[in-house]
Structure formats: structure tokens, C-alpha cells
Amino acid sequence: MRLAIFLALTLLTAATSVAADVGKDNDASALARKGTAAIEQRRFGDALDAFTRAMALEPEDASFCFGAGVAAFMLGQDDVAQSRFERALTLNPDYLEAAVWLGDLHYRAGRVSEAIAIYKMATRRDARRSDLEAQLATWSKEQELHDRFREVRTEHFSTFFESLSDEPLAQEAAERLEHAYSRVGATLGVYPSERVTVVLYTREQFSAITRLASWSAAAYDGRIRLPIAGTSQPREELDRILSHEFVHAVVATLAGRTAPAWLNEGLATVLEPAGSEDAEAPLAHARAQPDLSKRHQPFVDLSKGDAETAYASAARAVRRLIEQRGASAIVALLQDLGHGTPFASAFQHRIEMPYADFAALARN
Ligand SMILES: [Zn+2]
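Residues numbered from 1 in each chain as written. Predicted model: local features only at pLDDT ≥ 70, side-chain atom pairs only at ≥ 80, totals over all residues. Heavy atoms only, no water.

A.B. asks: Lay out unusual backbone geometry with the relevant residues and their values.
C.D. replies: Its identity as a non-glycine residue notwithstanding, Arg 42 has a phi of 55 degrees, on the positive side. A positive phi is found at Glu 352, a non-glycine position, where the angle reads about 60 degrees. By the element assignment, Glu 352 lies in the loop between α15 (343-351) and α16 (355-361). (Helix = DSSP H or I, 4+ residues; strand = E, 2+ residues; numbered from the N terminus.)

A.B. asks: Hey, could you go over the pairing of strand β3 (residues 196-200) for me, with residue numbers and the actual values?
C.D. replies: Judged by how many residues are buried, β3 sits mostly within the fold: 5 of 5 residues are covered. Side chains Val 196, Val 198 and Leu 200 project from β3 onto one buried face, and the interleaved Thr 197 and Val 199 project onto a second face that is buried too. When strand β2 (residues 157-161) meets β3, the two strands line up parallel, connected through 4 bridges. Note on β3: the bridge partner recorded for Thr 159 is Val 198. On the question of chirality, the crossover connecting β2 to the parallel β3 by way of helix α9 (residues 167-188) is left-handed. In terms of strand pairing, β3 meets strand β5 (residues 224-226) through 3 bridges, oriented parallel. (Buried < 20%, exposed > 50% of the residue type's maximum accessible area, 1.4 Å probe, protein only. Pairing = 2+ DSSP bridges. Right-handed = clockwise from strand over helix to strand, strands pointing away.)

A.B. asks: Give a detailed account of the packing of helix α14 (residues 327-338) against α15, specifying residues and quantitative values.
C.D. replies: Here α14 crosses α15 at 150 degrees, and the two axes come no closer than 9 Å. The angle between α14 and α15 places the two elements in the roughly antiparallel class. Here the hand of the crossing between α14 and α15 comes out right-handed. Where α14 approaches α15, its residues Ala 329, Ala 332, Leu 333, Asp 336 and Leu 337 are matched on the opposing element by Phe 343, Ala 346, Phe 347, His 349, Arg 350 and Ile 351. (Axes fitted to C-alpha atoms, helices over the stretch in contact; angles between N-to-C directions. Parallel < 35°, antiparallel > 145°, perpendicular 65-115°, else oblique. Left-handed = near helix turned anticlockwise from the far one by under 90°. Contact = heavy atoms within 4.5 Å.)

A.B. asks: Requested: an account of the coordination of the zinc ion, with residues and values cited.
C.D. replies: Taken together, His 244 (NE2), His 248 (NE2) and Glu 265 (OE) make up the full set of protein donors to the zinc ion, lying 2.1 Å away. The motif formed by the donor residues of the zinc ion, counted along the single chain, is H-x3-H-x16-E. With His 248 in helix α11 (residues 235-255) and Glu 265 in helix α12 (residues 261-270), this pair connects stretches of sequence that are 17 residues apart. The same class applies to His 248 and to Glu 265, which are both buried. (Donors = N, O, S within 2.8 Å, 3.2 Å for Na, K, Ca; no water.)

A.B. asks: Residue-level account of the nonpolar core, with values.
C.D. replies: Buried together is how nonpolar side chains tend to be arranged in soluble globular proteins. Counting 62 residues, the largest nonpolar core has Leu 226, Phe 246, Trp 262, Leu 263, Leu 334 and Phe 347 as its most contacted members. The element that contributes the greatest number of residues to this core is α11, accounting for 10 residues. The contacts of Leu 334, once residues within four sequence positions are left out, are Val 251, Leu 254, Ala 255, Ala 259, Leu 263 and Leu 267. Judged by nonpolar contacts, the second largest core, of 52 residues, contains Ala 72, Ala 99, Ala 122 and Ala 219. (Core = buried A, V, L, I, M, F, W, Y, C linked by side-chain atoms within 4.5 Å.)

A.B. asks: A description of helix α5 (residues 78-91) should follow, citing residues and the corresponding values.
C.D. replies: Counted at 1.5 Å a residue, the expected span for α5 with its 14 residues is 20 Å, and the 20 Å between its end C-alpha atoms agrees. The set of residues buried in α5 consists of Ala 81, Gln 82, Phe 85, Ala 88 and Leu 89. All buried residues of α5 fall inside an arc of 130 degrees around its axis, so they share one side. Facing away from the buried side of α5 by more than 90 degrees, the exposed set consists of Asp 79 and Thr 90. On its buried side, α5 packs onto α4 (62-74), α6 (96-108) and α7 (112-125). (Expected span 1.5 Å × (residues − 1). Arc of directions from axis to C-beta.)

A.B. asks: Tell me what's going on with the environment of Ala 213, and back it up with residues and numbers.
C.D. replies: Tracing the sequence through the fold places Ala 213 in the loop between α10 (203-210) and β4 (219-220). Of the residues examined, Ala 213 reaches a relative accessible area of 24% and is grouped as partly exposed. A C-alpha to C-alpha distance of 8.3 Å links Ala 213 and Lys 304, two positions 91 residues apart in sequence.

A.B. asks: Report on the pattern of salt bridges, specifying residues and quantitative values.
C.D. replies: The full count for this structure, using the stated rule, is 17 salt bridges. For Glu 172, the salt bridge identified is with Arg 176, shortest N-O distance 3.1 Å. Here the residue Glu 172 and the residue Arg 176 both occupy positions in helix α9, the gap between them amounting to 4 residues, near one helical turn. Take Glu 172: its relative accessible area is 24%, and that puts it in the partly exposed class. In this structure, the salt-bridge partner of Asp 336 is Arg 350, at a minimum N-O distance of 2.8 Å. Of the two residues, Asp 336 sits in helix α14 while Arg 350 sits in helix α15, which places them 14 residues apart along the sequence. By relative accessible area, Arg 350 is classed as partly exposed at 28%. Linked through salt bridges whose partners overlap, the residues forming this network are Glu 142, Asp 221 and Arg 225. (Salt bridge = Lys/Arg side-chain N within 4 Å of Asp/Glu carboxyl O.)

A.B. asks: Describe the packing of aromatic side chains, listing the residues and the values that go with them.
C.D. replies: Here the structure, examined in full by the defined rule, presents 21 aromatic pairs. Between the aromatic rings of Phe 66 and Phe 85, the centroid separation amounts to 5.8 Å while the plane-to-plane angle is 45 degrees, which identifies the pairing as tilted. With Phe 66 in helix α4 and Phe 85 in helix α5, this pair connects stretches of sequence that are 19 residues apart. As far as burial versus exposure is concerned, Phe 66 and Phe 85 are alike and both buried. Ring geometry for Phe 66 versus Trp 101: centroids 6.3 Å apart, planes at 85 degrees, classification edge-to-face. (Phe/Tyr/Trp six-rings, centres within 6.5 Å; stacked < 30°, edge-to-face > 60°.)

A.B. asks: Outline the environment of Phe 246, supporting the account with residue identities and numerical values.
C.D. replies: Summarising the element assignment, Phe 246 is placed in helix α11. With 36 residues separating them along the chain, Phe 246 and Thr 210 place their C-alpha atoms 17 Å apart. Phe 246 has contacts with Phe 157, Leu 177, Ala 180, Tyr 181, Val 184, Pro 192 and Ile 224, leaving out every residue within four places of it along the chain.

Below, the structure is given as C-alpha cells:
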């Protein structure tokens, strides 16, 4: 969600700490410069490799550990990322960005109390970051709320809800998710082995916790979050939303956090049970669309109207990919991304055409 901002902050930090090292100009700082450039260009495999080698040369440098942590986090290697951020903080307890990323990592894994503990430590050390205080307040409220939640457990999902009167809705959501698991699994040939957490909120709780635009129908940030508590959802709409968010969970298991938004959202939309024809309807009246390469960042900050056309053009692009190369090519592409291959190379390899050509074609 807020990765773009985090990334920008990080690069600034990494660039500064590397610049301070230029005088020495030993191999480790040259590697760290390579790693920073690789993160900027979203070549996370190269970045992890460069920072890991820099760490081996200078194990006491916290910024090398941090760079390795960022690259591993983006690749979805959360265990590696966690240990690198923790190491950076051991070496330099005042390393605020390492604390921010570690807290975010815990939060996305559903470990809210760990996330809170890390942020509390960070705010004690640096009182200037009022944004961290605001995030802490939101997380504390969320934790209080979750302490009251009940759980419906099915084979692949844990579905949490607050009010007893929502138990039938939670049961139904869980059953429909199991159905989506089989249906999407059969289409993609991918069956996530880790249990997926699903949380039912009221619209107010959802807005307070996710801080997403009011047009958001749901969210996935490591957990599927749904603003449907206390409502009765038409079956087709519930199926559509659950399937859409589950596909985001599948993309995360394959590609970590590396998939461009258009591919992630397009795949989730195309695999909705009702198909993507309706989803593409907004394009009939829309102006020419931006190049797909401008659609790599999450759609969360777009206006409702822009978001509609962004989802529609993403769906159309992914439908074309599936028609041309099959769903298995998209799965292979996502796996390549998760293994650290840069997007344009993975695209060329799996789709057998240059990404720039496809991105330009997809404009109309
Ligand atoms: Zn989505």
C-alpha cells in the first residue's frame, strides 16, 4: 500500500549512507551503490545479491543489512527480510527506517503486537516522526478490536468477525473462499499452502484501519480485509470480491511484492467468477489509456473514475495475455519475478514479446 513512499524514503536513506562511504570507495560500498540502483530499478534479485555480498565484506554496516532486507521483503522472502532488519537494528538501534520496515513486515504478517512494539521503540528514539504515532494509534485500535474477534476455520482460510450476528456471513464467506480456492487453483495450477487470514469489518472499521478510498470494496495487504460486517451481500457480489482478493493472495505467494499493479489487478479482475467483459465496459467511453508501464504502482490513490478505467484496462491487458499465451505463462512470469528477475526480462521470456511493445499496444 504505502510501499512507494517507503521505497522513496529508503532510497534516500540508502543513498545518503552510501554517499558518506564514497571516500573509502572499497568493494562493499561499490556493491551497496549497485544494490541501491537495483532497488530503484526494481531489480530486487540483483539488489539482494549486491547487498548480501556487501554484508559479507562489512558485516558491521547496518545500511547493507537494511538494503538486503528491503530487497528480500519485496521478493516476498519475509524471513530473510526480518532477520536483515533485526540485524540492522542490533547494529544501529537508531536506524529508524529499519524499524519502520520491520514493523510493517510484522503488521502484514498479522503480528500486530510485534509491529506495535517495534514502532513504540522507534518513537521513543525519534519523537519527530508524528506519522509513526498516528500509525501506532491505528494499530492499537485494531489490536483491541481483534482481541474481541471470533474465528471460523476452514481448510485454507481463517475468517474473523466481531459480532455473533455476523457468524452466518463469516461461514458463507469462508465457504465461498474455499470454492474460489478450487476454481482459481484449477485455472492457474497454483494452490497456496499457507492459511489465508480474512477479516470482516464494518465500513467504519475498514476505513479507519486501511485508510483506503471510499470506493474500495476490499483490501489485501497480507490479510483479506472486507467491509461487509453487519450487511447482507448479494451472493454474486460476495463471490466476486472474495475471488478478487484471493487472487491477490495467490499473486503474493508467487511474486512477493514485485508484481506491477496492472498485472495484479488485471489478473484478479479477469478471474472474477463473472468474467471480465463487464469489467472492461468503462473503456467504451474512456479516453486513450496511459501506457501500462505507468500503471505499476497500486491504484489506491486514484479517483473513483480513474480507478474504474485503470481496472478495466488492466483486465483487458491480462485477458489478451491469457488469450495469447495462456494462464500458465502468467504464472511462470510471476514466479520469475518472485525469484528476482526484472519485470521486462521476465515478460520477454514468458510472453515472447518486448514489454514496451505490449504496453504500447494495450493503450487502445
Ligand atoms: Zn484488487
